[in-house]
Amino acid sequence: MQKWTSTIVAILLLNAFLSLLHSCGENEPHGPVPEIYSINPGGGVIGRNVTIYGNNFVPEVPMEEGTGPHPNTSIVKFNGIVAEAEHVYQDSTGKQRINTVVPEGTTSGPITVTAMGNTGTSTDDFIVTVPNYLPNVTVSTVSSYGGIDVDIDDSGNLFLANNDVYKIFKILPDGSLTTLWSSREGENEMVLGITLDKNGNIYATIENTIRKITPDGAVSILAGNSAPGFADGPGDSAKFNFPFGITIDLNGNVYTADFFNNKIRKITPDGIVTTVAGGTQGYSDGQGDHAQFTYPRDITLDNEGNLYVTESDRIRKITPDGFVSTIAGTTNGYLDGSVNTAQFGYIVGIVVDLSGNIYICDEGNFVVRKISGDGTVATVAGSISGLMDGPGEFAQFYHTLGLTIDSDGALYLTQGGGFGGVRMIVIE
């Protein structure tokens, strides 16, 4: 009996040992550790689309199956909260990316990807943004026609630069549409910026020229020619390289952000072009050509003659004597508060109201922001990418590109050709 008892105990111990081995084997990693190289963007609101770049999110997909989408079997978490992540994409070098959404209930912290028994963790925390919204803001759609830039006259007529169909439109308050300029057939000349003077003349950046359109429809080239380059001087001897945003002062002087030349240019009413600021590409404040820009996008003026320029995630100011400073923007992100710490995504359109408040299109975050005279940054309207009218904090924009303001202080926003038309933002 003792012999049988010993045998049974031995068998039970052996089974327990084998079971333990099997259990340990189930918990052992079965593949490489997921690697997170970068996250874009590095912060945002709940519901924001986020792309995680890295490798080993799923077993490597054979190249003949293409870049994707491929089914995602990994688990993505934002600071411990599981996020939706249905698909993985793989590039030609085998590196992978996951498109996901910031989940409800999460807070700032690391992103993790768990795959094949292993977990990879982001080097930097993802910052969950809680915007500081202005109260009593309403967003509505005023036109189904879209564009890249917009201006408005005292009669409420909207003027749209649409570089998808290479036209400039005028939209009357009753919604009727007139084409004021159209690219010559087959040339596809892109119109990027538009502004009006006090006499109703339109000035637009078209290809590498500054065009003028009078109220009776006469079109002329104020400065520049079709060939890209850089040269100051009169009329068509001057050269630009992708002039983008444009504005005009009360004396009829036009200013443009010369994108690829990384300079701010001035064009007098008789077409003489000079450089206001900007030297070599880079980032530095200073006087005139000692200052540096990197791809300046839009430009506007205040009542004191100061120019304001949008440039990636910064806003630069140029005084009438040509001194350049940075008034807002630190690193790419989304953070309201003091101008000293505020963060922006990719800033596009800009306008200044009569009180000196600055409004900008934060295209990188799908919102419109305000910089008050006291140096406080707040969110005016917008949340995640989409198309929704209503209160500012619930409104959604596909894009935030061109911006203008009427005499009552209402803002008008363009979202690109065919993307939700023109939106009006009213701040009570």
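Described in the following lines is the structure provided in the data block. (Residues numbered from 1 in each chain as written. Predicted model: local features only at pLDDT ≥ 70, side-chain atom pairs only at ≥ 80, totals over all residues. Heavy atoms only, no water.)

Here the focus is the environment of Phe259. With respect to the helices and strands, the residue Phe259 is situated in the loop between strand 23 (254–258) and strand 24 (263–267). Classification of Phe259 as buried rests on a relative accessible area of 12%. Between the C-alpha atom of Phe259 and that of Phe397, which follows or precedes it by 138 residues, the distance is 25 Å. Residues in contact with Phe259, not counting those within four places in the same chain, are Asn241, Phe242, Pro243, Phe244, Tyr295, Pro296, Arg297 and Tyr346. (Helix = DSSP H or I, 4+ residues; strand = E, 2+ residues; numbered from the N terminus. Buried < 20%, exposed > 50% of the residue type's maximum accessible area, 1.4 Å probe, protein only. Contact = heavy atoms within 4.5 Å.)

Let's shift gears to the sheet that holds strand 15 (residues 167–171). Reading across the sheet, the 4 strands line up as 13-14-15-16 and stay open at both edges, with antiparallel pairing between neighbours. Each edge of the sheet is formed by a strand with only one pairing partner; in this case those strands are strand 13 (149–152) and strand 16 (177–182). When the angles between neighbouring strand axes are averaged without regard to direction, this sheet yields 20 degrees. Sheet topology places strand 13 next to strand 14 (residues 158–162); 4 bridges connect them, and they run antiparallel. Across the sheet, residue Asp149 finds its bridge partner in strand 14, namely Ala161. (Pairing = 2+ DSSP bridges. Axes fitted to C-alpha atoms, helices over the stretch in contact; angles between N-to-C directions.)

The next subject is the environment of Pro110. Structurally, the position occupied by Pro110 is in the loop between strand 8 (96–101) and strand 9 (111–115). A residue is classified by how much of its surface remains accessible, and Pro110, at 27% relative accessible area, is partly exposed. With sequence-adjacent residues up to four places away left out, Pro110 is seen in contact with Lys77, Phe78, Asn79, Thr121, Ser122, Asp124 and Asp125.

Attention now goes to the pairing of strand 30 (residues 323–328). With 2 bridges connecting them, strand 26 (residues 286–287) and strand 30 associate as antiparallel partners. Its bridge partner lying in strand 30, Gln287 is registered against Phe323. Pairing between strand 29 (residues 314–318) and strand 30: 4 bridges, direction antiparallel. Its bridge partner being in strand 30, Ile315 is matched across the sheet by Ala328. As consecutive antiparallel partners, strand 29 and strand 30 are separated by 4 residues, and within that stretch Gly322 has a phi angle of approximately 95 degrees, a positive value.

A few words now on a nonpolar patch on the surface. Side chains of Leu387, Tyr398 and Phe419 sit close together on the surface and give an oily, nonpolar patch of about 270 Å² of accessible area. Mapped onto the elements of the fold, Phe419 is located in the loop between strand 38 (411–414) and strand 39 (422–427). Take Phe419: its relative accessible area is 37%, and that puts it in the partly exposed class. (Patch = residues over 30% accessible without salt bridge, like charges linked within 9 Å, V, L, I, M, F, W, Y side chains within 5 Å. Areas by Shrake-Rupley, 256 points an atom, 1.4 Å probe, with all protein chains shown as cover. Salt bridge = Lys/Arg side-chain N within 4 Å of Asp/Glu carboxyl O.)

With that settled, the discussion passes to the pattern of salt bridges. What the rule picks out here adds up to 12 salt bridges. Across the pair Asp232 and Arg265 runs a salt bridge, and its minimum N-O distance is 2.9 Å. With Asp232 in the loop between strand 20 (219–224) and strand 21 (233–234) and Arg265 in strand 24, the pair connects residues that are 33 residues apart, well separated along the chain. Taking the relative accessible area as the measure of exposure, Asp232 reaches 37% and is therefore partly exposed.

Positionally, Asp313 belongs in the loop between strand 28 (307–311) and strand 29. Here Asn332 takes part through its backbone nitrogen, which lies 3.0 Å from a polar atom of the side chain of Asp313. The contacts of Asp313, once residues within four sequence positions are left out, are Ala328, Gly329, Thr330, Thr331, Asn332, Phe344, Gly345 and Ile347. (Polar contact = N/O pair within 3.5 Å; in protein donor to acceptor, adjacent residues only side chain to side chain.)

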